[in-house]
Amino acid sequence: MVTYPSIMKNFKFVSLCFVSSLLMVSPFLTMPLFKSVRQDTMFYYQSPRSTWQTYVSTNLDAKLAVSNILGQLSESNPPEIVFLFVGQAHASSFDIIVEYASATLPRPTRLLSVVGGGVIGQNLELDEPTKPSMAILAGTLPEGAEIEVFSFNELNDPPPPPQSEYWNKLGSSSLLVLADPWSPVTDILDGLSASTGKLQKETVVVGGFSMPVGARPTVALDSKVMPQGSLVGIGFSGTLSLQAVVAQGCLPFGPTYVVTACEKNCVLELDFKPAQEVMEESIASASQDTEKQRKISSSIVCGVSDRNTQGDYLMRSIVGFVPGKKAFLISGKSLEKGDRIRFHISDKVAATEDLELMVKRAETERLFQQDKSTTPVAAVQVSCIGRGRRLFGVPNMDLSKIQQLLAGPVGGFYANGGIGPVGVAGFSTAKNTTVGTHVHGFTTVAALLCESDTQDAPNSDTSSSSKEEDVWG
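1. Some points on the overall build of the protein chain
On a plain count of helices and strands, the protein chain comes out with 12 helices and 28 strands. Per element, the accessible surface of the protein chain, about 18,300 Å² overall, is 52% carbon and sulfur.

2. Digging into the nonpolar core
Ranked by size, the top nonpolar core spans 42 residues in total, and within it Phe83, Phe85, Leu176 and Phe236 carry the most contacts. Once you skip the residues sitting within four places of it in the chain, leucine 176 turns out to touch Phe83, Val206, Gly207, Val232, Gly233, Ile234, Phe236, Leu242, Val380 and Ala447. Judged by nonpolar contacts, the second largest core, of 27 residues, contains Met211, Met358, Ala379 and Val410.

3. Some remarks on the pattern of salt bridges
A side chain with one charge may pair with a side chain of the opposite charge, provided their charged atoms come close. Counting across every chain of the model gives 11 salt bridges. Among the salt bridges present, the one from glutamate 277 reaches lysine 326, with a minimum N-O distance of 2.8 Å. Highlighted residues: glutamate 277 in helix α8 (residues 275-286) and lysine 326 in the loop between β20 (314-322) and β21 (327-330), separated in sequence by 49 residues. Relative accessible area serves as the criterion here: at 26%, glutamate 277 is assigned to the partly exposed category.

4. Regarding the sheet that holds strand β3 (residues 81-87)
Read from one edge to the other, the open sheet built from seven strands follows the order β1-β2-β7-β3-β4-β11-β12, with strand pairing classed as mixed. Looking at which strands have only one partner, the edges of the open sheet turn out to be β1 (43-46) and β12 (224-225). In the sheet, β1 pairs with strand β2 (residues 51-57) via four bridges, with the strands oriented antiparallel. Following the sheet pairing, glutamine 46 is matched in β2 by threonine 51. The strands touched by helix α4 (residues 62-71) are β2, β3 and β7 (134-139); relative to β7, the strand with the most contacts, the crossing angle is about 30 degrees. Sitting on the sheet, helix α5 (residues 94-104) is in contact with β3, β4 (110-116), β7, β11 (219-221) and β12, with an inclination near 160 degrees to β4.

5. Notes on the sheet that holds strand β14 (residues 240-247)
Here seven strands make up an open sheet; going across it, the order is β6-β5-β24-β23-β28-β14-β26 and the pairing mixed. Each edge of the sheet is formed by a strand with only one pairing partner; in this case those strands are β6 (124-126) and β26 (424-425). As judged from the eight bridges shared by β14 and strand β28 (residues 444-451), these two strands associate in the antiparallel manner. Across the sheet, residue leucine 242 finds its bridge partner in β28, namely leucine 449.

6. Thoughts on the confidence of the model for the protein chain
Mean pLDDT for the protein chain: 82, with 81% of residues reaching 70 or above. The low-confidence segment residues 1-42 (pLDDT under 50) makes 90 contacts with residues lying over four places distant or belonging to another chain. Every residue in residues 457-469 scores below 50 in pLDDT, and together they form 67 contacts with partners more than four places removed in sequence or on other chains.

7. Digging into the packing of aromatic side chains
Under the defined criterion, the tally for this structure stands at nine aromatic pairs. A network of ring pairs unites the aromatic residues Phe150, Phe152, Tyr166 and Trp167 as a single cluster.

8. Section: the state of the cysteines
Applying the stated criterion across every chain, the model contains zero disulfides. Counting only cysteine sulfurs, cysteine 262 is the nearest neighbor of cysteine 266, a cysteine outside any disulfide, at a range of 8.6 Å. Judged by its relative accessible area of 0%, cysteine 266 is buried.

9. With respect to the packing of α4 against α5
To characterise two packed helices, one gives the angle between the axes of the helices and the distance between these axes. Direction vectors running N to C along α4 and α5 enclose 30 degrees, while the axes themselves pass 9 Å from each other. Our classification of the angle between α4 and α5 gives roughly parallel. As for the relative orientation of α4 and α5, their crossing is right-handed in sense. Within the contact between the two elements, α4 uses Ala62, Lys63, Val66, Ser67 and Leu70 and α5 uses Ile97, Tyr100, Ala101 and Thr104. Residue composition of the contact of α4 with α5, grouped by class: six nonpolar, two polar and one charged.

10. What about unusual backbone geometry?
Omega for the peptide link from arginine 107 to proline 108 comes to 0 degrees, which places this bond in the cis form. With respect to the secondary-structure elements, proline 108 resides in the loop between α5 and β4. A positive phi angle, near 65 degrees, is found at asparagine 123, a position not held by glycine. Within the secondary structure, asparagine 123 sits in the loop between β5 (119-121) and β6. Given a relative accessible area of 9%, asparagine 123 falls into the buried group. With phi around 65 degrees, asparagine 396 is a residue other than glycine that occupies positive phi space. Mapped onto the elements of the fold, asparagine 396 is located in the loop between α11 (389-392) and α12 (397-402).

Thresholds, definitions, all that
- Residues numbered from 1 in each chain as written.
- Predicted model: local features only at pLDDT ≥ 70, side-chain atom pairs only at ≥ 80, totals over all residues.
- Heavy atoms only, no water.
- Helix = DSSP H or I, 4+ residues; strand = E, 2+ residues; numbered from the N terminus.
- Areas by Shrake-Rupley, 256 points an atom, 1.4 Å probe, with all protein chains shown as cover.
- Core = buried A, V, L, I, M, F, W, Y, C linked by side-chain atoms within 4.5 Å.
- Buried < 20%, exposed > 50% of the residue type's maximum accessible area, 1.4 Å probe, protein only.
- Contact = heavy atoms within 4.5 Å.
- Salt bridge = Lys/Arg side-chain N within 4 Å of Asp/Glu carboxyl O.
- Pairing = 2+ DSSP bridges.
- Axes fitted to C-alpha atoms, helices over the stretch in contact; angles between N-to-C directions.
- pLDDT = per-residue confidence, 0-100.
- Phe/Tyr/Trp six-rings, centres within 6.5 Å; stacked < 30°, edge-to-face > 60°.
- Disulfide = S-S within 2.5 Å.
- Parallel < 35°, antiparallel > 145°, perpendicular 65-115°, else oblique.
- Left-handed = near helix turned anticlockwise from the far one by under 90°.
- Nonpolar A, V, L, I, M, F, W, Y, C, P; charged D, E, K, R; others polar.

As structure tokens, this is what we get:
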């Protein structure tokens, strides 16, 4: 059995999203002059119990960008939580940005930072990795809310074993996780699943993976920039909780294959043939056109269905290859012999329909939720780097749909993959509306921050709009 660390050390890890970011021409050589975001796109929302704000900057200078957005925060309602989303064009200055933000924010504000392939804020999806972008989502805590931050590193500070009492404590919260692609996310999910806490009934776990440029750090907690292989997170409990909405949107092609040999998340054989050869044959049979084959190769994901499930596929990204074994690696938890795989490609129509369906499903769930005082006041949006204008051809598609679910601001980033349930979760105190938490590819994950009059009562409310504006000029 090949262990996860040995896979990472000995195999050529080639993330498709990661490779695309490395091939990009330096943004400072190709970037046009930006123009400032208009004043009327700022977003400030005050509920009876808390205040939430989101601001963005497209300034070429990283320190000026973070200074600009922090300078717009309300002095009368200083934030207690800040999420800082940094675009890839500023990745080389990530440590400087985090240090400045941490020193500038009032104590004891908790700061969680991540590098994305673009950022989301002020009613805008800034989804071009080569152009400078930065966003924050900042808020105050309603009375009765509690938060707990945490961080882990694959080698230096691994998560406790699944039997640890730590997971019972953490499992009582709604969790938002920001991770780099080499972090022990699956260990977190395994620990929560093994706990006797409320994971299967009430705990909502959502988040996403950063977009690294080289081996630089891409996540941080407060002033601490975490080394490669790290994740940071925050747990919400009391009168603040999370609702989750996860939209997929891929079309299948080719036949369904059975996993006949695997090692953890490394697919060795499909139908007793080398897995990489099977994938290449599937792409070739999908189209005789070389250009179409190239497009399929650049957007292919694995739909995985375990042997006990019929026809329900979870989208998981292909994150690397093992040339010596003609195998490939996929994101998420370990596979088992007998699991089924069908290859998929991202599709604009399917993605739009699934997103609209999930939004309608969330609205329906709210009609039957037990605590009518629960209200969404803000949201963190995590969209796969393959979505945005690359997929839809128009700006703000995911954002405009998510905004139908709340009156407050939305902030977020473009990611190397998402973390969350299949469908929706957190809309009922009786049970979760989906089973388990998964690592997704080509999805949009919306983590709705909801406040309520009662403690630990999942969640309700409203709508908004988006603007189609090129903030870079």
